[in-house]
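# Examination of the molecular architecture
One letter stands for each residue in the lines below.
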Amino acid sequence: MKFIVILLYFAVLLLIGALASRRVKTLSDFYVGGKNLGYWVVAFSSRASGESAWLYLGLTGLGAMLGLQAMWVVVGETLGVAIAWFFMARPFKRATDACGAMTVPDYLVSRFADWPRTARFLRYLSAAVLTIFVTIYVSAQIDATGIAFEAFLKSGYFRGALIGFGIVVIYTLSGGFVAVAWSDLFQGLVMLAGLLLLPIAALIVLRSGTNPTPLSAIFFGDLLPHTGDGWLSTATMIGYLAIGLGFLGSPQVFVRFMSIRDEQEILSGRWVAIVFTILTDGGAVLAGMCGRVLVEQIQPGVELFGEGNVLGKSGQLVLPVMVEQLFPAMIVGGYVAAVLAASMSTIDSLLVVASSAVTHDMIESSTTRKPTAGQLNWLSRGVTLALALVALGIAMGVAVLVPGRSVFWFVIFGFYGIAASFCPLTVLALFWPRYNAPGAVASMFTGFLSIPLFKFAVPHLPVVGPCFVRIEEMLPSFLLALAAGVVVTLLTSHKATDDNRPA
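Here we summarise the structure given alongside this text. Computed from a predicted model, the values in this text were never measured in an experiment.

Secondary structure summary: the protein contains 19 helices and zero strands in total. A buried classification covers 60% of the 503 residues belonging to the protein. Considering only intrachain contacts with a sequence separation of at least 6, the fraction spanning at least 24 residues in the protein is 85%. As presented, the protein carries roughly 18600 Å² of accessible surface, and 69% of it is formed by carbon and sulfur atoms.

Here you go:
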């Protein structure tokens, strides 16, 4: 029965890809859906692609480990989504429509047109950064797909990763951005239903019977920082809140604002996006808390966390374990589909963004002899497939070399890399008219280099290292990139342009 539900899910995705392929006539159709999508599709697509597999496996695990403290992630994400939709979406849509942009690098070239040579370099730099971090991010999603198959169906990690990879590549290649957006709407509904049902079912089980579990046992953990931990507990809270910064300009999210029909659709879509974020993220944390208590009651005294234990490293197996305990096989199959939806809705979006960066921003923009529309369509599909295969190779390699990895932090590293490179730049480009092309290059370089710096080097520093481990990479990288952009802009503001020759 599980496999029947999963096959039906895959069949719907392939049908969406086939239907969407009829609407793909130009490169604009393939990459931004012809800029004619409604707010329901865009809102669900932006949130489904923004959440990824870490929502079902990573955030539920965080809820199981930390309890209420994990709610700071929900607060941070909700704030980030609200700022993006309420304050950034409309000016970004207006600016990209005015210059006819199909990609974020297109917008950057237009925004810094008075620095033609530097703007052209910025196009290639942004395309390269996108390609690198998107490939890492996609590989993390493929990894999560394999883990989901292994945990739910006992079918083997590599088989599951290959099946999920094959399905998402087929419908993405056939229908491009239209297929991605429509499938994300469907997959977003699956994700939402799963994360609403799971904590409700768990609470009913825990609170029923002759000896109901007290709410204090379910809602464990402290929401406020521990005064006895010094700065470490506060740093953890700040780090979780800072995850929301990743929605203030990440290309896989902001390309949705390009694709929406008009600004009026943004006004309606923002509430859909915010409610979706609160319900799914809050449901994931609550499900994790309930799952831990449920497992403790069923298997008292058992070791929960760590490699080889019941809930796995970082608690990432809490959802598969509790679903098996609560539901019949058919609904378990639905939860496999929901985890796959969380993963695939991000893979497809990222592949289209990375493919546009290589095809449009690197190849098409640098050739004097412009390819025909048909050649570009085939080229975009070939690049998409090539990037997908590279990501698959990385995922397979990581699975072999790092068997005790955490889904949450593998996904977050790729997400942070994209966000730190693009979000500070986008914020300054939209809201600071004085911001110039050298400042934008400085922002992107700084954000790009800061992620590995704060991930691998700074944590080893004496005294401050443990604090940065808790804060994670996003906040310090974002602030450094923001500061670099401001400083370099002020230092070069006496120049009106890099030179007066055409780029």
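This paragraph deals with the environment of G334. Residue placement: G334 occurs in helix α14 (residues 329-363). Taking the C-alpha atoms as reference points, G334 and I4, separated by 330 residues in sequence, lie 9.7 Å from one another. In this view, G334 contacts V5 and V190; residues no more than four positions away in its chain are not counted.

We now examine the pattern of salt bridges. Counted according to the given criterion, the structure contains six salt bridges. Notably, a salt bridge pairs K93 with D97, separated by 3.3 Å at the nearest N-O pair. Taken together, the residues K93 and D97, both in helix α5 (residues 71-99) and four residues apart, mark about one turn of the helix. Between R261 and E265 there is a salt bridge, with its nearest N and O atoms 3.6 Å apart. Each of R90, R94 and E263 takes part in one network of salt bridges that share partners.

Okay, the packing of aromatic side chains next. Tallied over the entire structure, the rule returns 11 aromatic pairs. Ring centres of F92 and Y107 lie 5.3 Å apart, and the angle between their planes is 65°; on these two criteria the pair is classed as edge-to-face. Note that F92 is positioned in helix α5 and Y107 in helix α6 (residues 104-111), a separation of 15 residues in sequence. Look at F254 and F257: their rings are 4.9 Å apart centre to centre, the planes differ by 70°, and that puts the pair in the edge-to-face class. Here F254 and its partner F257 are both found in helix α11 (residues 251-259), three residues apart, which amounts to about one turn of the helix. With relative accessibility at 0%, the residue F257 sits in the buried group. Here a set of aromatic residues connected by ring pairs shows up, and it is made of W85, F92, Y107, F254 and F257. Seen from the ring of F220, R292 lies directly overhead, with NZ or CZ sitting 4.9 Å from the centre.

In this structure, S443 sits in helix α17 (residues 437-457). Note on S443: relative accessible area 1%, which makes it buried. For S443, the side chain forms a polar contact with the main-chain nitrogen of G485, separated by 3.4 Å. Ignoring anything within four residues of it in the chain, the contact list for S443 reads A420, L425, L428, Y435, A481 and G485.

Formed by 146 residues in total, the largest nonpolar core has its most connected members in Y56, F112, I142, F152 and L198. The greatest single-element share of this core, amounting to 17 residues, is contributed by helix α7 (residues 116-153).

Looking now at the packing of helix α4 (residues 54-66) against helix α12 (residues 263-298). Describing two packed helices takes the angle between their axes plus the distance from one axis to the other. Taken N-terminus to C-terminus, the directions of α4 and α12 make an angle of 50°; their axes are 7 Å apart at the nearest point. As judged from the angle between their axes, α4 and α12 are oblique. The two elements α4 and α12 meet at a crossing, and its hand is right-handed. Contacts between α4 and α12 pair L55, L59, T60, G63, A64 and M65 from the former with T280, D281, A284, V285, G288, M289 and R292 from the latter. Tallied by class, the residues present in the contact of α4 with α12 amount to seven nonpolar, four polar and two charged.

Right, let's talk about helix α13 (residues 318-326) for a bit. Buried residues dominate α13, accounting for seven of its nine residues. Looking only at α13, the buried set comprises V318, L319, P320, V321, M322, V323 and L326.

Another aspect to go through is the packing of α5 against α6. Interhelical geometry of α5 versus α6 gives an angle of 80° and a closest axis separation of 10 Å. Between α5 and α6, the angle is such that the two are roughly perpendicular. Every residue of α6 that contacts α5 at F92, A95, T96 and C99 is listed here: V104, Y107 and S110. Grouping the amino acids of the contact of α5 with α6 by side-chain chemistry returns five nonpolar, two polar and no charged.

Here is what the cut-offs are and how they apply
- Residues numbered from 1 in each chain as written.
- Predicted model: local features only at pLDDT ≥ 70, side-chain atom pairs only at ≥ 80, totals over all residues.
- Heavy atoms only, no water.
- Helix = DSSP H or I, 4+ residues; strand = E, 2+ residues; numbered from the N terminus.
- Buried < 20%, exposed > 50% of the residue type's maximum accessible area, 1.4 Å probe, protein only.
- Contact = heavy atoms within 4.5 Å.
- Areas by Shrake-Rupley, 256 points an atom, 1.4 Å probe, with all protein chains shown as cover.
- Salt bridge = Lys/Arg side-chain N within 4 Å of Asp/Glu carboxyl O.
- Phe/Tyr/Trp six-rings, centres within 6.5 Å; stacked < 30°, edge-to-face > 60°.
- Lys NZ or Arg CZ within 6 Å of the ring centre and 35° of its normal.
- Polar contact = N/O pair within 3.5 Å; in protein donor to acceptor, adjacent residues only side chain to side chain.
- Core = buried A, V, L, I, M, F, W, Y, C linked by side-chain atoms within 4.5 Å.
- Axes fitted to C-alpha atoms, helices over the stretch in contact; angles between N-to-C directions.
- Parallel < 35°, antiparallel > 145°, perpendicular 65-115°, else oblique.
- Left-handed = near helix turned anticlockwise from the far one by under 90°.
- Nonpolar A, V, L, I, M, F, W, Y, C, P; charged D, E, K, R; others polar.

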